[in-house]
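What the coordinates show
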Amino acid sequence: MKFFIDTANLEQIREAYEMGVLDGVTTNPSLMAKEGIKGLENQRKHYIDICNIVQADVSAEVISTDYEGMIREGEELAALNPHIVVKVPCIADGIRAIKYFTQKGIRTNCTLVFSTGQALLAAKAGATYVSPFVGRLDDISEDGIALVGQIVDMYRYYGYTTQVLAASIRSTRHIIQCVEVGADVATCPLSAIKGLLKHPLTDSGLQKFLEDYKSING
């Protein structure tokens with residue numbers, strides 16, 4: 001399974017990259033705002049900075065909700081760097097835009113997916129990635145991980161090449177559950193990725209090794 005980091009924070013992106021396990025980055029307007037990145041020019045520059053760090057897929061989201069606006073924004077974003085994946089909302093004009101981008105050879109990430117029906121339409125339009133939102137479904141007492149598994153099964157059954165990118169990951173446990181249902185990608189906060197390292201037996205075992213080494217070597 002691929003690991004993407006879900007942030008616009010360059011320091012966190014560098015840290016994840018230097019761990020040697022990072023396969024890409026996802027961003028959105030909320031994450032940009034969190035980092036205080038204002039203005040279209042600054043946001044575009046920030047996408048390029050991210051691409052220069054990871055040299056891998058970076059999802060950059062369109063703001064327009066109409067077809068013409070999505071096409072204009074998507075083409076501008078794709079032109080910034082070869083690693084850019086245009087992130088498009090799962091609405092009618094978004095599906096239409098994904099079809100257009102697919103025909104033009106521009107890779108896409110269909111975002112804000114909350115049902116198998118939406119995921120089906122995204123795959124039929126040729127989306128590179130589809131992003132079901134795990135945590136947001138859990139927030140309304142639905143099973144986000146179950147949806148990821150259903151989409152994985154559907155794509156395998158019908159032979160779609162669209163990759164299932166589990167988004168809105170809230171915890172390390174979510175990552176493990178995504179592995180169990182066969183997600184292609186999980187996009188996570190850095191804390192959730194680092195949480196995979198934590199185990200009390202690792203800590204106690206390392207402490208014992210160091211104590212034993214010190215006892216015989218001074």
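Above: the structure in question.
Bear in mind the structure is a predicted one, so any value in this text is a computation, not a measurement.

Among the 6 residues that make up strand β4 (residues 84–89), 6 are buried, leaving the element largely enclosed by the rest of the structure. Across the two faces of β4 the burial is the same, with I84, V86 and V88 and V85, K87 and P89 all buried. Where strand β3 (residues 57–61) and β4 come together, 4 bridges link them in parallel fashion. In the sheet register, S59 faces β4, and the bridge partner there is V85. Crossover connection from β3 via helix α4 (residues 67–78) to parallel β4: handedness right-handed. Sheet topology note: the β4/strand β5 (residues 108–113) ladder contains 4 bridges and is parallel. Bridging across to β5, V86 finds its partner in T108. Viewed along the sheet, the connection from β4 through helix α5 (residues 92–103) into β5 turns out right-handed.

All chains considered together, the criterion is met by 8 salt bridges. Notably, a salt bridge pairs R107 with D57, separated by 2.5 Å at the nearest N-O pair. Taken together, the residues span a long stretch of sequence, with R107 in the loop between α5 and β5 and D57 in strand β3 at a distance of 50 residues. Looking at R107, the relative accessible area reads 28%, which means it is partly exposed. Exposure remark for D57: the relative accessible area of 14% places this residue in the buried category. Across the pair K87 and E61 runs a salt bridge whose closest N-O atoms are separated by 3.9 Å. Taken together, the positions of K87 in strand β4 and E61 in strand β3 put the pair 26 residues apart, joining distant regions of the chain. Judged by its relative accessible area of 14%, E61 is buried.

All of the buried residues in helix α6 (residues 116–125) are A119, A122, A123 and A125. Down the axis, α6 shows its buried residues gathered within 160° of arc, on one side only. Close packing links the buried residues of α6 with α5, β5, β6 (129–132) and α8 (144–158). Of the residues trailing α6, G126 is marked for its positive phi of about 100°.

Each value, and the rule that gives it
Residues numbered from 1 in each chain as written. Predicted model: local features only at pLDDT ≥ 70, side-chain atom pairs only at ≥ 80, totals over all residues. Heavy atoms only, no water. Buried < 20%, exposed > 50% of the residue type's maximum accessible area, 1.4 Å probe, protein only. Helix = DSSP H or I, 4+ residues; strand = E, 2+ residues; numbered from the N terminus. Pairing = 2+ DSSP bridges. Right-handed = clockwise from strand over helix to strand, strands pointing away. Salt bridge = Lys/Arg side-chain N within 4 Å of Asp/Glu carboxyl O. Arc of directions from axis to C-beta. Contact = heavy atoms within 4.5 Å.

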